[in-house]
Amino acid sequence: MATTIIPQGYAPSLNLYDTQKAIGLLKRLFEDTLAGALNLRRVSAPLFVEASTGLNDDLNGVERAVSFDVPFASKDAQVVHSLAKWKRMALYRYHFSVGEGLYTDMNAIRRDEELDNLHSAYVDQWDWEKVIAPRDRTEDYLRRTVEAIAQALRETQTTLRSAFPVLNRLPQVDGQVAFVTAQELEDRWPDLSSKERERAYVREHPLTFLMGIGGALKSGQPHDGRAPDYDDWALNGDLLVWNSVLEDAMELSSMGIRVDPAALDRQLTLSGHDERRGLLFHKLLLEGKLPLTIGGGIGQSRLCTYLLGKAHIGEVQAGIWDEKTLSICEEAGVILL
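Residues numbered from 1 in each chain as written. Predicted model: local features only at pLDDT ≥ 70, side-chain atom pairs only at ≥ 80, totals over all residues. Heavy atoms only, no water.

Before going further, it helps to examine the environment of K310. Mapped onto the fold, K310 is located in the loop between helix 8 (300-307) and helix 9 (323-332). Distance in space between the C-alpha atoms of K310 and G101 is 32 Å, their sequence separation being 209 residues. The residues contacting K310, other than those within four sequence positions of it, are Y10, P12, L14, T19, V245, T305, E315 and V316. Among the polar contacts made by the side chain of K310, one reaches the main-chain carbonyl oxygen of L14 at a distance of 3.2 Å. (Helix = DSSP H or I, 4+ residues; strand = E, 2+ residues; numbered from the N terminus. Contact = heavy atoms within 4.5 Å. Polar contact = N/O pair within 3.5 Å; in protein donor to acceptor, adjacent residues only side chain to side chain.)

This is the structure we're talking about:
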């Protein structure tokens with residue numbers, strides 16, 4: 001079971017008030033920089049979607065959505081897990097062209113999340129999606145997009161350090177992204193768990209993009225679960241950084257080139273979810289009516305935790321915590337919002 005750990009001797013770089021100022025600045029900086037780097041326009045997004053559309057994401061396939069009925073509409077709704085499928089539908093409905101994309105503030109509830117230093121029941125992230133051409137469905141295009149996001153991280157950190165010089169005591173975002181596949185990690189450390197492999201590699205490479213997540217590896221097991229109906233498992237990955245406060249690997253973003261009709265057809269069968277073919281989103285995609293896209297989510301509170309040198313996500317995000325977590329943080333003098 002996950003648990004909260006506050007490192008011995010930990011003291012936050014910023015006090016409570018300066019933390020709030022820094023969060024506001026960080027979010028404005030990164031949002032604008034990311035939009036410029038990837039040619040994205042801001043749009044409004046839903047907090048919940050109609051259950052019957054299939055637009056909600058299944059994540060690892062076991063998480064329960066928060067559901068409720070809307071009596072006056074005679075419909076059932078689900079609070080979103082993320083907006084991977086909704087964004088692609090939005091690009092279709094808004095008639096975005098190749099090379100254009102959108103981003104939005106995504107707020108979600110993940111009721112089954114195990115609470116620890118980096119996980120809470122509330123999720124806030126920048127969800128983004130961009131229309132691409134058939135020729136862009138390549139690993140090279142994926143890598144170039146990751147490099148652009150990494151540069152946005154570096155630029156945000158540089159400006160943030162100018163405003164809050166005390167943050168200069170934290171490590172800089174690494175100047176180079178290390179690209180590695182999940183299969184390469186399994187080949188190198190076959191006896192370690194997936195998370196242990198990540199930790200071992202990211203310790204050596206503080207800014208890593210781990211590719212090829214969702215499909216079975218040579219061992220017969222996937223590195224991690226991925227829903228079959230948004231990322232192409234051969235063209236996706238996680239952006240990981242080394243968290244110097246927690247001395248651990250930390251995921252900032254899950255992203256990838258999205259499934260085309262052939263990839264969706266294949267992954268639905270491999271995952272045992274052929275029943276989804278009749279849902280609106282899946283039907284449109286299989287018929288080739290939705291645009292080809294690349295997209296992902298970048299954790300807002302995760303990024304704040306990382307760039308502000310916090311030990312617990314509750315220092316930058318208001319939430320609900322179990323009594324053990326509250327007790328551990330209180331003993332360490334850590335204030336959770």
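Let's pick the thread back up.
A general trend in soluble globular proteins is that nonpolar side chains are found buried together. Counting 57 residues, the largest nonpolar core has W128, F209, L303 and L308 as its most contacted members. With residues near it in sequence (within four places) discarded, L308 still touches S13, L14, T19, A22, I23, L26, L160, L167, L170 and V316. Listed in part, the 23 residues of the second largest apolar core include V49, L83, V131 and A263. (Core = buried A, V, L, I, M, F, W, Y, C linked by side-chain atoms within 4.5 Å. Buried < 20%, exposed > 50% of the residue type's maximum accessible area, 1.4 Å probe, protein only.)

Counting buried positions along strand 10 (residues 248-258) gives 8 out of 11 residues, so the element sits mostly inside the fold. For strand 9 (residues 231-243) and strand 10, the ladder comprises 9 bridges, and the chain directions are antiparallel. Bridging from a neighbouring strand, L239 pairs with S253 of strand 10. Between strand 9 and strand 10, which pair antiparallel in sequence order, lie 4 residues; one of them, E247, sits at a positive phi of approximately 55 degrees. Relative to strand 11 (residues 293-299), strand 10 runs antiparallel, the two being bridged by 5 bridges. When the sheet's bridge partners are listed, I257 is paired in strand 11 with I294. (Pairing = 2+ DSSP bridges.)

Let us now look at the packing of aromatic side chains. Overall, the coordinates contain 4 aromatic pairs when judged by the stated rule. Relative to W126, the ring of F30 has its centre 5.0 Å away and its plane inclined at 50 degrees; by these criteria the two rings are tilted. Of the two residues, F30 sits in helix 1 (residues 16-38) while W126 sits in strand 6 (residues 122-131), which places them 96 residues apart along the sequence. Using a relative accessible area of 0% as the deciding quantity, one classes F30 as buried. The ring of F96 carries the charged tip of R41 above its face, separated from the ring centre by 4.6 Å. (Phe/Tyr/Trp six-rings, centres within 6.5 Å; stacked < 30°, edge-to-face > 60°. Lys NZ or Arg CZ within 6 Å of the ring centre and 35° of its normal.)

Quick look at the sheet that holds strand 2 (residues 48-50) now. Strand order in the open sheet formed by 3 strands is 2-4-3, with antiparallel pairing between adjacent strands. Edge positions in the sheet fall to strand 2 and strand 3 (67-70), since each has one partner strand and no second. The sheet shows a mean angle of 35 degrees between the axes of neighbouring strands, direction not considered. The sheet contact formed by strand 2 and strand 4 (residues 75-79) spans 3 bridges and is antiparallel. The residue of strand 4 that forms the bridge with V49 is Q78. (Axes fitted to C-alpha atoms, helices over the stretch in contact; angles between N-to-C directions.)

To continue, consider the sheet that holds strand 6. Taken in spatial order, the 8 strands of this open sheet run 1-5-6-11-10-9-8-7, and their pairing is mixed. A single partner strand is all that each edge strand has here, and the edge strands are strand 1 (40-42) and strand 7 (178-181). When the angles between neighbouring strand axes are averaged without regard to direction, this sheet yields 30 degrees. Against the sheet, helix 2 (residues 84-94) contacts strand 5 (101-109), strand 6, strand 10 and strand 11, and its axis sits at roughly 35 degrees relative to strand 6.

This next bit is on the packing of helix 1 against helix 8. Contact geometry for helix 1 and helix 8: axes closest at 10 Å, N-to-C directions at 115 degrees. Considering how the two elements wind past one another, helix 1 and helix 8 form a crossing that is right-handed. Contacts between helix 1 and helix 8 pair I23, L26, K27 and F30 from the former with Q300, L303, C304 and L307 from the latter. Split by residue class, the contact of helix 1 with helix 8 holds 6 nonpolar, 1 polar and 1 charged. (Left-handed = near helix turned anticlockwise from the far one by under 90°. Nonpolar A, V, L, I, M, F, W, Y, C, P; charged D, E, K, R; others polar.)

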